[in-house]
Amino acid sequence: MNQEQGPLLEMDGISKHYGSVTALEEVNLTLRPGEVLGLVGDNGAGKSTLIKILSGAITADEGRVFFEDKEVRIGNPQDARNLGIETIYQTFALVGNLPIYLNIFLGRYRVKKILGGLINILDEKQMEKESWEILENLKIHFNSVREKVDHLSGGQRQAVAIGRALFFNPRIIIMDEPTSGLAVKEVEQIHDIIRNFKTKGVSIIFITHRLQSIFAVADRVVVLRGGRNAMDKRIPETTLEEVVRAMFGLNVKVT
Amino acid sequence: MILFALGLLLSLLTPNFLRTDNLINIVRQAAILNILGIGMTLVILTGGIDLSNGAVLALSSCVSAIYLKEGGSILVGILISLGIGLACGFINGWMIARIRIPPFVITYAMMFFARGLAYIVLQGKIMYGFSKTFRFLGAGHLFSIPTPIVFSVFALLIFYFLLRYTPFGADLYALGSDEESSRLSGIKTRNRMIWVYTLSGLLSAFAGIIYTSRLNAAEPVIGEFFALDAIAAVVLGGTLLGGGEGSVVGTMSGALIITVIINGMNLLGIPSLLQSFVLGCVILIMVASQYFGGKLRGVPSFFKPWSFRGA
Amino acid sequence: MRLKILLEKIPHVVYLFTGLIILFSFISPNFFSIGNLSNLILQGSVLLIISLGLTLVMLSNGIDLSVGSLMSLCGMVAGMSLSKGLGLIPALFFGILTGLASGLFIGFLVTRLRFSPFIATFGMMGVFEGISLFSNKGESIYWSESVFNFIGSGYLFNVPFPVWLAALTFVIVYVLLYKTPFGVNVYAIGGHEEGLRLSGVNVRRQKIMVYMVSGLLASIGGMVLSSRIASGHPTVGIGYEFEAIASSVIGGTTFFGGQGGIVGTLFGALMITLLRNGLNLLGYTTPFQYCVIGVILAVGITLNTLYKR
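All of these numbers come straight from a predicted model, not from anything done at the bench.

Cut-off values and rules
Residues numbered from 1 in each chain as written. Chains lettered and ligands numbered in written order. Predicted model: local features only at pLDDT ≥ 70, side-chain atom pairs only at ≥ 80, totals over all residues. Helix = DSSP H or I, 4+ residues; strand = E, 2+ residues; numbered from the N terminus. Contact = placed C-beta atoms within 7 Å. Pairing = 2+ DSSP bridges. pLDDT = per-residue confidence, 0-100. Nonpolar A, V, L, I, M, F, W, Y, C, P; charged D, E, K, R; others polar. Axes fitted to C-alpha atoms, helices over the stretch in contact; angles between N-to-C directions. Parallel < 35°, antiparallel > 145°, perpendicular 65-115°, else oblique. Left-handed = near helix turned anticlockwise from the far one by under 90°. Buried ≥ 20, exposed ≤ 12 C-beta atoms within 10 Å, placed from the backbone. Core = buried A, V, L, I, M, F, W, Y, C linked by C-beta atoms within 7 Å. Expected span 1.5 Å × (residues − 1).

Novice: Any chance you could explain the overall build of chain B here in plain terms?
Specialist: For chain B, the count of helices and strands is 13 helices and four strands. The long-range share in chain B, meaning contacts at least 24 apart out of those at least 6 apart in sequence, stands at 78%.

Here it is as structure tokens:
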């Protein structure tokens, strides 16, 4: 991790209201290149809302976002992708009815030009080939990339979602609860994947309830409570107890 | 294929069925339903519905009829008609995509609106007697194939290609299967929705041109049940009402099935009073047989996008 | 605070409806007369009755396109009984029986044979229409003076009988939907059918019952209608299914089930009737009415949807 470089991403004063409910109030977040950031907080603290703003799924009511020191507008998921921000949602956002290779390339299909460049048609062979390669690298077994995502197991689906995010050489990967519902061995696999991303220089923001994961792989932790910043510290400089206290705002004894 | 079975049955029941001119008749009559069905397929694939097809057909043909009767050029008349269809469809799509009005409601409202407008425009009269060139569109022959058939095949090919081979088509299937996931994955869902309804309106107008040309008359009351028939053709053809699965080829067979049944009823001399009864029964029986006989095998899997030969 | 909660519970269609009434009152002096308003309610009664049934169906994630032609059929059946000299009770009995039987059959198609409700009721729509037409060779059935006519044209304490019927139906359906397990299940099927099945509820039977209720209400509506025109007309109900669906949708019921309610449907039905009535009064011819209805529908739903955000 490069400490001399300026931040890759800066979210400044982000607020979001849903009617009379305030989801986020003046929230700040910074992310450095190659940094792994853990985003934690109790249910309803605003974590999902914040990353959805970053991924373009929703728009903020107030606040600005800076990417590489330039202000950017992320109005829809495509904008985020164009910046190199890929998101792996908790529900994976895959279309079950469609085959794996189309899901990987959803919305940005490989195309061939015909009729002198006038019309684009799908290059399915290419997509199948590339999908196969991506998934092989993730070391999870697949029978065929033509399989409908519906027919896959949870772990396979996660692999497809991860593969999709990875394929487009993102600068930032957002992961929403990547370890929920996983067995211990699988959790370790996710940790390895995150470490892997990091060696490639990709910055990562991940939301989790599993605080041990933060302490296992993250460089920094940001805590949200009630829609506001509650803590922002580097991992070596804090403890589990301190994080929990920040999450709940109490003096909690962690045994 | 169900179509074959039906054909077989009918040819046994009446000698007239298999006559060439009858068969051509059938395909020709199915052409209009087919074209409307294509538009409806697009809409239903994305999980929506379009009740305004018939009314838009009427409106677009009435307006252009007035223009043509005043001696306007055919080309402009056609453009006017298509333009109206496009506009109505766009309004539908925009309201659905941007303001999030349920498709049923807005196309229902549009149905009323267009139908009323058609009446107003023609003041309840009928326009008939168009120029010979215009009549060629619906009643002529191209290499001895009736023009409606040519047009419907043409439309079928274009849209088959669109759905099966282009990114746009892929987006439609994704959108219909899971709108939110598609949106999160970067598909321009709103844009696609608007397009789909616009195309449906356009095709309705296109069908209107052929219909008016064939009848050599335009009146505001035409197309009353066309939308429902189109929906039936689409559903019979294997497209799911919830979206995400289906094909235009299936819709074509659906349209043919319906037309064959009606034709058969006419040939067998079944009184028109009973026809809707028989049609209803047959539809029910056929769908029931789907249940008993496994998946609908009316469409060869080659034509169904996303079905894999040998996955 | 309590007032705010209460206000939030009111379906938006109520506001729209009130607004329309005010609008029409301004435009035409005749509108706000007792005579006209009571006429309005009378006309809306039939629509309300069948819309209630349709709302129930839609709440449980279904649809019923056959109600219109079922109405005609039940009217024909009652009419035939009457014309053969059978009394009021048998006529009612057969009419209601037809409605219940149809609902049962449709329910069977949807639950056992896994038909999509759209196709099943679409097919049955044609079937009912055909039977209605064929039963009397396409002609209306007339009967000699009978108590039956009271249903549609009679008055009870100066209020037209259909209005009483509609009100009674509304109350019964209200209780059914909001105070009984049946009603809870209706909403549940619309929202989470699978979860409900896993909880041990007989979802199949529930669905069949919902379609039977819809059939029952359609039969009542059809008989009231026939009574009003004092004849059994084979196509009297055409188009009602769409109006019923529209009433429910305007009233806030969605196609995916689980959301909506009959209070909204009540106002939706009134609104559609109001639109027709108001436009008639203003002297607009039918085609123009069509246009305006379309526009107002669109505007209303737009406001409704936008306000929800």
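Novice: I tried to follow the interface of chain A and chain B on my own but got confused; where do I start?
Specialist: In many analyses, interface size is given as the accessible surface area lost on bringing the parts together. Taken residue by residue, the interface counts 24 residues in chain A and 20 residues in chain B. For the side of chain A that touches chain B, the secondary structure elements donating two or more residues are helix 2 (77-83) and strand 8 (119-122) of chain A.

Novice: Help me understand the pairing of strand 1 (residues 9-18) of chain A in this model?
Specialist: When a strand is regular, its side chains alternate between the sheet's two faces. Residues and elements named next belong to chain A. Of the strand pairs in this sheet, strand 1 and strand 4 (residues 62-67) are connected by five bridges, and their pairing is antiparallel. Directly across from glutamate 10, in strand 4, lies its bridge partner phenylalanine 66. Bridge count for strand 1 against strand 2 (residues 21-31) is seven bridges, and the pairing is antiparallel. Note on strand 2: the bridge partner recorded for isoleucine 14 is valine 27. Hairpin connection of strand 1 to strand 2: two residues between the antiparallel strands, including glycine 19 at a positive phi of 65°.

Novice: How do you make sense of the confidence of the model for chain B when you look at a structure like this?
Specialist: Any region with low pLDDT has predicted coordinates that should not be read closely. Residues and elements named next belong to chain B. Here chain B averages 82 in pLDDT, while 86% of its residues score no lower than 70. By mean pLDDT, helix 1 (residues 2-13) is the weakest element of chain B at 64, and helix 10 (residues 189-215) is the strongest at 93. The low-confidence segment residues 294-311, where pLDDT is below 50, has 30 contacts with residues more than four positions distant or belonging to other chains. Interface predicted TM-score (ipTM) for the complex: 0.83; the corresponding pTM is 0.83.

Novice: Teacher, can you tell me more about the interface of chain B and chain C here?
Specialist: With 34 residues of chain B at the contact, the number on the chain C side is 38 residues. Listing elements by their share of the side of chain B that touches chain C, those giving two or more residues are helix 5 (103-122), helix 11 (226-236) and helix 13 (272-292) of chain B. Taken together, the residues of the side of chain B that touches chain C sort by class into 29 nonpolar, three polar and two charged.

Novice: Sorry if this is basic, but what is going on with the packing of helix 4 (residues 74-98) of chain B against helix 10 of chain B here?
Specialist: The relative placement of two packed helices comes down to the angle between their axes together with the axis-to-axis distance. Residue and element names in this part refer to chain B. For the pair helix 4 and helix 10, the least separation of the axes is 7 Å and the interaxial angle reads 150°. Here helix 4 lies roughly antiparallel to helix 10, going by the angle between them. In this structure, helix 4 meets helix 10 at a crossing whose hand is right-handed. Taken together, the residues that form the contact of helix 4 with helix 10 break down as 19 nonpolar, ten polar and two charged.

Novice: Hey, could you run me through the sheet that holds strand 4 of chain A in this one?
Specialist: Note on sheets: strands pair through backbone hydrogen bonds, and any given pair is parallel or antiparallel. All names here are of chain A. Sheet architecture is open: four strands sit in the order 2-1-4-5, paired in antiparallel fashion. A strand with exactly one partner marks an edge of an open sheet, and here the two such strands are strand 2 and strand 5 (70-72). Between one strand axis and the next, the sheet turns through 30° on average, direction left out of account.

Novice: I'm lost on the environment of serine 272 of chain B in this one. Help?
Specialist: Residue and element names in this part refer to chain B. Considering the arrangement of structural elements, one finds serine 272 in helix 13. Serine 272 gets classed as exposed once you count the C-beta atoms within 10 Å, which come to 12. Distance from serine 272 to serine 81, taken between C-alpha atoms, is 32 Å for residues 191 residues apart in sequence.

Novice: Could you clarify how one ought to interpret the nonpolar core in this entry?
Specialist: Burial of nonpolar side chains together is a common tendency in soluble globular proteins. One finds Ile204 of chain A, Leu59 and Ala114 of chain B together with Ile50 and Met271 of chain C to be the most contacted residues of the largest nonpolar core, which totals 266 residues. When neighbours within four sequence positions are excluded, leucine 59 of chain B is seen to be in contact with Ile84, Ala114, Leu117 and Ala118 of chain B.

Novice: So what exactly am I meant to see when it comes to the pairing of strand 11 (residues 220-225) of chain A here?
Specialist: Residues and elements named next belong to chain A. Counting buried residues along strand 11, five of its six residues qualify, which places the element largely inside the surrounding structure. Bridging between strand 3 (residues 36-41) and strand 11 involves five bridges; their strand directions are parallel. Within strand 11, the residue paired with valine 40 across the bridge is valine 223. Bridge count between strand 11 and strand 12 (residues 228-234): six bridges; the pairing is antiparallel. Each bridged residue has a counterpart across the sheet, and for valine 223 the counterpart in strand 12 is methionine 231. Linkage of strand 11 to strand 12, two consecutive antiparallel strands, is achieved through a turn of two residues, within which glycine 226 is found at a positive phi near 55°.

Novice: Just to check I follow, could you spell out the sheet that holds strand 3 of chain A for this structure?
Specialist: All names here are of chain A. The strand order across the open sheet formed by six strands is 6-9-10-3-11-12, and the pairing between neighbours is mixed. Two strands in the sheet have a free side with no partner beyond their single neighbour: strand 6 (85-88) and strand 12. Shown here is a sheet whose adjacent strand axes are inclined to one another by a mean of 15°, direction ignored. Relative to strand 10 (residues 203-207), helix 6 (residues 184-199) is tilted by about 155°, and along the sheet it contacts strand 3, strand 9 (172-176) and strand 10.

Novice: Before we go on, may I ask you to explain the environment of arginine 197 of chain C in this structure?
Specialist: Note that arginine 197 of chain C resides in helix 9 (residues 181-198). A sequence separation of 51 residues divides arginine 197 of chain C from serine 146 of chain C, and the C-alpha atoms of the two residues are 48 Å apart.

Novice: Looking at this structure, how should I read helix 5 of chain B?
Specialist: Quick reminder: α-helices carry 3.6 residues per turn. Residues three or four places apart thus point the same way. All names here are of chain B. When the terminal C-alpha atoms of helix 5 are compared, their 28 Å separation across 20 residues agrees well with the 28 Å that a helix rising 1.5 Å per residue should span. Burial within helix 5 is extensive, with 18 of its 20 residues counted as buried. Count one or two residues on from helix 5 and you reach glutamine 123, which has phi positive near 50°.

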